[in-house]
Amino acid sequence: MSDLGNWFRTWWLLLRWNAASSKIILPLSLVVQMMLAVGIVIGFGFLAPVTDPEVALFLATGAPTVLLLTTGLVLVPQVVGTMKQQGSYDWFRALPAPRSAFLLADITMWTVISLPGVLLALFVASIRYDLNLAPAPWAAPVALAVAATAAMVGYAIATALPPRFAQLLTQVLVFVILLFSPITFAAEVLPDWLAAAHRWMPLEPMADLLRAQLAPESYAADVSQALVLAGWGFGATALTLVLMSRRS
């Protein structure tokens, strides 16, 4: 069998192993995703009644990104941090398997976990605000790219920082994602310096790229946003692989 074939076989075995070892956390993660999907779409409407169709569409197309970011930037670092504290993370690193296969197996698992909430959020939003969403053919690949990038950045956070610091940072990120990022509201309402910073952070590009695929008749994205997303994804991957290859 070729080296590439061995790599994919190792990745598949590690993916199954990770899923089996996470059989308790995975159902809970799905439940949290479902609650967030309903809470974001309906709960935000309670905070500020959504009567304008444009506001409703912006909220509906931003909610999936909030879910993906919550899983990738909050849940993933917390779980990986717990693994580091328990010693299972170092045990996985010691396996005779490529670090890249182990990392991609974990990222694949978390990416798949984050997708059901996206579908539920769109379904609830369509009913709640009477929207007729017509996603573009590239909506699914873009959603996968956003989910994988969010999970990869979250993994890099957990790998680079001590578990307690990483978990503390995730608590801060929850507030940044929900309250200070132009995902469910327009960037124009933010201070100029914060709006400018978001153009280089991955949150707004993720939201705009996915929004443009969920409602292509109303929104558009540009190449610069895709480049920002790619830069964060590849940068986080490279950093994580370097840190995983170091001796403890």
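Residues numbered from 1 in each chain as written. Predicted model: local features only at pLDDT ≥ 70, side-chain atom pairs only at ≥ 80, totals over all residues. Heavy atoms only, no water.

Draft legend 1. Spatial organisation of the overall build of the protein chain. Summing up its helical and strand segments, the protein chain has 10 helices and zero strands in all. In sequence order, the protein chain lays out its α and β elements as α-α-α-α-α-α-α-α-α-α. The C-alpha radius of gyration computed for the protein chain amounts to 18 Å, which stays within 12% of the reference 18 Å derived for 248 residues, consistent with globular compactness. Counting all 248 residues of the protein chain, 47% fall into the buried class. Counting contacts in the protein chain only where the partners sit at least 6 residues apart, residues at least 24 apart contribute 82% of the total. As displayed, the protein chain offers around 12,700 Å² of accessible surface, 71% of which is attributable to carbon and sulfur atoms. Computing the positive centroid from 12 side-chain charges and the negative centroid from 12, the protein chain places the two 22 Å apart. (Helix = DSSP H or I, 4+ residues; strand = E, 2+ residues; numbered from the N terminus. Rg over C-alpha atoms; globule rule 2.2 N^0.38 Å. Buried < 20%, exposed > 50% of the residue type's maximum accessible area, 1.4 Å probe, protein only. Contact = heavy atoms within 4.5 Å. Areas by Shrake-Rupley, 256 points an atom, 1.4 Å probe, with all protein chains shown as cover. Lys, Arg positive; Asp, Glu negative; His and termini not counted. Charge placed at Lys NZ, Arg CZ, Asp CG, Glu CD.)

Draft legend 2. A look at the packing of helix H3 (residues 53-86) against helix H6 (residues 139-160). Between H3 and H6, the shortest axis-to-axis distance is 8 Å and the interhelical angle comes to 35°. Here the hand of the crossing between H3 and H6 comes out right-handed. Between H3 and H6, the contacting residues are Leu68, Leu69, Gly72, Leu73, Val76, Pro77, Val80, Gly81 and Lys84 on the first element and Ala143, Val146, Ala147, Ala150, Ala151, Val153, Gly154, Tyr155, Ala158 and Thr159 on the second. Split by residue class, the contact of H3 with H6 holds 14 nonpolar, four polar and one charged. (Axes fitted to C-alpha atoms, helices over the stretch in contact; angles between N-to-C directions. Left-handed = near helix turned anticlockwise from the far one by under 90°. Nonpolar A, V, L, I, M, F, W, Y, C, P; charged D, E, K, R; others polar.)

Draft legend 3. Layout of the packing of aromatic side chains. Under the defined criterion, the tally for this structure stands at four aromatic pairs. With a centroid separation of 5.2 Å and an interplanar angle of 85°, the aromatic rings of Trp7 and Phe8 are classed as edge-to-face. Ring centres of Phe58 and Tyr219 lie 5.9 Å apart, and the angle between their planes is 75°; this geometry places the pair in the edge-to-face category. Taken together, the residues span a long stretch of sequence, with Phe58 in helix H3 and Tyr219 in the loop between helix H9 (203-214) and helix H10 (223-245) at a distance of 161 residues. Judged by relative accessible area, Phe58 falls into the buried class, the value being 17%. Taken together, the ring pairs connect Trp7, Phe8, Trp11 and Trp12 into an aromatic cluster. We note Arg211 situated over the ring of Phe58; from NZ or CZ to the ring centre the distance is 3.7 Å. In this structure, Arg211 is placed above the aromatic ring of Tyr219, and the distance from its NZ or CZ to the ring centre is 5.7 Å. (Phe/Tyr/Trp six-rings, centres within 6.5 Å; stacked < 30°, edge-to-face > 60°. Lys NZ or Arg CZ within 6 Å of the ring centre and 35° of its normal.)

Draft legend 4. Here's a closer look at the UniProt feature "transmembrane region" (unreviewed entry) in the protein chain. In the UniProt entry, the feature "transmembrane region" (unreviewed entry) is given for residues 24-49, 55-80, 101-126, 138-161, 168-187 and 226-244. Helix makes up 100% of residues 226-244 and strand 0%, whereas the separation of the span's terminal C-alpha atoms amounts to 27 Å. (UniProt positions renumbered as here; feature names shortened; annotations may be inferred.)

Draft legend 5. Up close: unusual backbone geometry. At Asp130, a position not held by glycine, the phi torsion is positive, near 55°. Its place among the elements puts Asp130 in the loop between helix H5 (99-128) and H6. Note on Asp130: relative accessible area 65%, which makes it exposed.

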